[in-house]
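Overview (structure and organization)
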Amino acid sequence: MAMTDVLVIGGGPGGYSAAIRAAQRDCDVTLVDRDGVGGTCLNHGCIPSKALLTASNLVTELESASRMGIYAEPFVDVGEMIDWKDDVVDRLTGGVEKLCEANGVTVREGTARFTDDHTVEIAATDGTIDELEFETAVIATGSHPMSVPGFSVNDDPILNSRQALALEGAPRSLAVVGAGYIGMELSTVFAKLGTDVTVVEMEDDVLPGYESDLTRPVKKRAESVGVDFQFGQVAVEWSREGDGTVTLHTEGTDGTDHETTAERILVAIGREPVSDTLGLEAIGLEPTDAGFFETDDRTRTARDHVFAVGDVAGEPMLAHKAVAEGLVAAEVASGGDAALHDAAIPTAVFVDPEIATVGLTEADARDAGHSPVVGEFPFNASGRALTLAETEGFVRVVAGEDTGRLLGAQIVGPEASELIGELGVAVETGLTLEDVAGTVHMHPTLSEAVMEACENALGQAIHTLNR
Ligand code: FAD
């Protein structure tokens, strides 16, 4: 029987990072994925969605460029746009394949299933099955879209995010179930490409879980590109109409029911872990009721030689968290030591304008026993934001009053997902408001808003009134 030191199941960001790092540490590594490398992130998630967001944003930017004296009516060929998106995906997955090869990782296509403590069987797509013995295993099987009962994606008009990102063209109309980050990102894409979009959400706002002053500009901008929202509505069933459209039937939490007719229905109500096809009974591992693996700060499961990383190891289900965990698993599985630091895992929603956060909100900080001091800087006071014609939103920083240390930050506005990086470093390394405010930032840049928010918390802002 073939043998490997480190077996990695799943070739998404968690799995391929673990595999490459373990190989860099001189282990013999085998990576098994039923779908090729890249996982959800590269093939059906982060990358294709961001490619389409970039392209669709460009359409509306051109349409609104008349304020700068530019008059353009973009001609959009959605087919060519999709080809470009596919090319981006191919370049990235091809790059990961090459990196695995160059680092000496053996990549195998197939579905892995445990048969005992140190063995898996690998079922290839051609039907052949063979066994592989391993010393340590890293489970990185990710997650898949949750479905609403009765809304099967095997039915033609019903889509999940993976299928929506693989559409050949933009539907004329789309009903989206769920205003979480995936629902909002895809609604933004299709609305900007001319689709008539209605979003149905059971909560009373978009992006549940984010503070309302962050979500307000996002909802306003989405409405301005034609997205219609129905809040407090739960999808219960759908029916086909004679003209080829479908009707989504929803029940209101206040007793009012609605019907929305559209060409397609996109279900985007969240994701659930993939742990049920691994033959876990063979190694005596039991996931939680929700299907996640419980792990320690070394990413170890209840079995010392089995690690779990990424979406299958719990929230936040984000690619960079999967990578961070994959690297820790690789170090520990190959005899080294490493531990997770999860105070500064950023989140971002790549809508218009973007939202990004890291660490604690003001309310979280109070709940955690801190006495927080808060500083804000609005983008409408930023020279760079004005020159980019993107003045909506703000940077907010939260720090401990006694220590001045950054505990968290929230941003809504242009390039929020890039700006949060500096604040992530600050939170992770325990920088103070003075450290960031005292660092000279390039002018004119959006990052000056980060510096000024820290100055504002210190009562020293120059370009906005101090609190
Ligand atoms: P995955 O990437 O899901 O990879 C798991 C792999 O395991 C898959 O390739 C699967 O084929 C394989 N597998 C499963 N079971 C087996 C088995 N038994 N044998 C062999 N192979 C198996 N995150 C961000 O951080 N930023 C974003 O902007 C972002 N945007 C997203 C947009 C969308 C539309 C979606 C759906 C997700 C997005 N995410 C984003 C989430 C991100 O994609 C995931 O958090 C990330 O992919 C998780 O990585 P992973 O390695 O845990 O698992």
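Scope of this entry: the structure provided in the associated data block. For every chain, the first residue of the written sequence is number 1, and numbering continues from 1 onward in sequence order. Only residues with pLDDT of at least 70 are given local features in this predicted model, and only at 80 or more are side-chain atom pairs given and counted; all residues enter the totals for whole chains, interfaces and linings. With hydrogens and water excluded, all non-hydrogen atoms of the structure serve as input to the side-chain values.

Further remarks concern the packing of aromatic side chains. What counts as a ring pair is set by centres within 6.5 Å for rings of Phe, Tyr and Trp (its six-membered ring), and what kind of pair is set by the plane angle: stacked under 30 degrees, edge-to-face over 60, tilted for all other angles. For the coordinates displayed, the defined rule picks out two aromatic pairs. Where phenylalanine 114 meets phenylalanine 134, the ring centres are 5.9 Å apart and the plane angle is 65°; that geometry is what we call edge-to-face. Of the two residues, phenylalanine 114 sits in strand β4 (residues 111-116) while phenylalanine 134 sits in strand β6 (residues 129-139), which places them 20 residues apart along the sequence. As far as the burial class goes, phenylalanine 114 and phenylalanine 134 line up, both buried. Ring plane angle 10° and centroid distance 5.4 Å describe the contact between phenylalanine 229 and phenylalanine 231, whose orientation is recorded as stacked. Note on classification: 1.4 Å probe, protein chains only; a residue is buried when its accessible area is under 20% of the maximum for its type, exposed when over 50%, partly exposed between these limits. In this structure phenylalanine 231 comes out as partly exposed when scored by relative accessible area, which is 24%. Comment: elements are numbered from the N terminus, with helices defined as DSSP H or I runs of at least four residues and strands as E runs of at least two.

For each structure, a 1 Å grid was placed over the protein atoms alone; sets of points admitting a 1.4 Å probe that cannot get out are labelled cavities, open sets with protein on both sides within 12 Å along at least five of seven lines are labelled pockets, and lining residues have an atom within 4 Å of a point. Grid points are joined across faces, edges and corners, and a volume is the space filled by probe spheres set on the points. What the second largest pocket holds in volume is close to 820 Å³. Every element with two or more residues in the lining of the second largest pocket is listed here: α3 (46-63), α7 (212-224) and α11 (416-429). Examining the composition of the lining of the second largest pocket, we find that eight residues originate from one element, α3, more than from any other. Counted by class, the lining of the second largest pocket contains 12 nonpolar, seven polar and 10 charged residues. Polar here means any residue outside two lists: the nonpolar Ala, Val, Leu, Ile, Met, Phe, Trp, Tyr, Cys and Pro, and the charged Asp, Glu, Lys and Arg; Gly therefore counts as polar.

The next point concerns the site of the ligand. Only heavy atoms are used to decide nearness, and a residue is near a molecule or strand if one of them lies within 4 Å of it. In the vicinity of the ligand there are 41 residues, among which Asp33, Thr40, Lys50, Asp311 and Ala319 approach most closely. Definition of a polar contact: a pair of N or O atoms within 3.5 Å, with one able to donate and the other able to accept a hydrogen when the atoms are protein atoms, and with sequence-neighbouring residues admitted only if both atoms are side-chain atoms. Contact distances for the ligand include 2.9 Å between an oxygen atom and a backbone N or O atom of glycine 14. Tyrosine 181 places a polar side-chain atom, nitrogen or oxygen, 3.0 Å from a nitrogen atom of the ligand. Note on areas: Shrake-Rupley, 1.4 Å probe, and residue coverage restricted to the protein chains presented here. For the ligand, whose unbound accessible area comes to 1000 Å², protein coverage reaches 96%. In terms of residue count, helix α2 (residues 39-44) provides more of the shell around the ligand than any other element does, four residues in total. Each residue belonging to the shell around the ligand can be placed in one class, and the counts come to 17 nonpolar, 18 polar and six charged. Domain boundaries shown here were taken from an automatic or database domain assignment. The residue makeup of the shell around the ligand includes at least three contributed by each of domain 1 (2-144 + 272-333) and domain 2 (158-269).

Another point: the pattern of salt bridges. One speaks of a salt bridge when a side-chain nitrogen belonging to Lys or Arg is within 4 Å of a carboxyl oxygen belonging to Asp or Glu. Considering all chains together, one arrives at 24 salt bridges under this definition. Across the salt bridge formed by lysine 85 and aspartate 86, the nearest N and O atoms sit 2.9 Å from each other. A residue is classified by how much of its surface remains accessible, and lysine 85, at 4% relative accessible area, is buried. The closest approach of N and O atoms between arginine 303 and aspartate 117, which form a salt bridge, is 2.7 Å. Residue arginine 303 is located in the loop between β16 (271-273) and β17 (306-308), and its partner aspartate 117 is located in the loop between β4 and β5 (119-123); the two are separated by 186 residues in the primary sequence. Assessed through its relative accessible area of 24%, arginine 303 is described here as partly exposed. Given a relative accessible area of 30%, aspartate 117 falls into the partly exposed group. Residues participating in the shared-partner salt-bridge network are Lys192, Lys220, Arg221, Asp352, Glu390 and Glu392.

All axes here are fitted lines through C-alpha atoms, helices being fitted over the stretch that makes contact, and every angle between N-to-C directions spans 0 to 180 degrees. The interhelical angle for the contact between α3 and helix α4 (residues 78-102), taken along N-to-C directions, is 140°, at an axis separation of 9 Å. By the angle class used here, α3 and α4 are oblique. The element α3 and its partner α4 pack so that their crossing is right-handed. Seen from α3, the contacting residues are Ile47, Pro48, Ala51, Leu52 and Ala55; seen from α4, they are Met81, Trp84, Lys85, Val88, Val89 and Leu92. Grouping the constituent residues of the contact of α3 with α4 by class yields 10 nonpolar, no polar and one charged. Note on angle classes: values under 35 degrees are labelled roughly parallel, values over 145 roughly antiparallel, values of 65 to 115 roughly perpendicular, and the remainder oblique. In this scheme, a crossing is called left-handed if the near helix is turned counterclockwise away from the far one by less than a right angle; it is called right-handed if the turn is clockwise. Whether two residues touch is decided by their heavy atoms; if any such pair falls within 4.5 Å, the residues are in contact.

The next subject is the nonpolar core. Core analysis: the biggest nonpolar cluster contains 34 residues, and Met184 and Leu266 have the highest contact counts within it. Top element by residues in this core is helix α6 (residues 181-192). It accounts for five residues. For leucine 266, the contacting residues outside a window of four places in its chain are Leu159, Asn160, Ser161, Ala164, Leu174, Ala175, Val176, Val177 and Leu186. Take the buried Ala, Val, Leu, Ile, Met, Phe, Trp, Tyr and Cys residues and link them wherever side-chain atoms come within 4.5 Å; each set so joined is a nonpolar core. Judged by nonpolar contacts, the second largest core, of 29 residues, contains Ala348, Val373, Ala399 and Ala437.

This part covers a negative patch on the surface. In this analysis, a patch consists of residues with relative accessible area above 30% that form no salt bridge, clustered at 9 Å for like charges and at 5 Å for the nonpolar side chains Val, Leu, Ile, Met, Phe, Trp and Tyr. In this tally, Lys and Arg are treated as positive and Asp and Glu as negative; His is ignored, and so are the chain termini. Think of each charge as sitting on NZ of Lys, CZ of Arg, CG of Asp or CD of Glu. Taken together, the side chains of Glu237, Glu241, Asp243, Glu251, Asp254, Asp257 and Glu259 present a region of like negative charge at the surface. In this fold, aspartate 254 is placed in the loop between β13 (246-252) and β14 (257-262). For aspartate 254, a relative accessible area of 59% puts it in the exposed group.

Geometry only, nothing functional implied.
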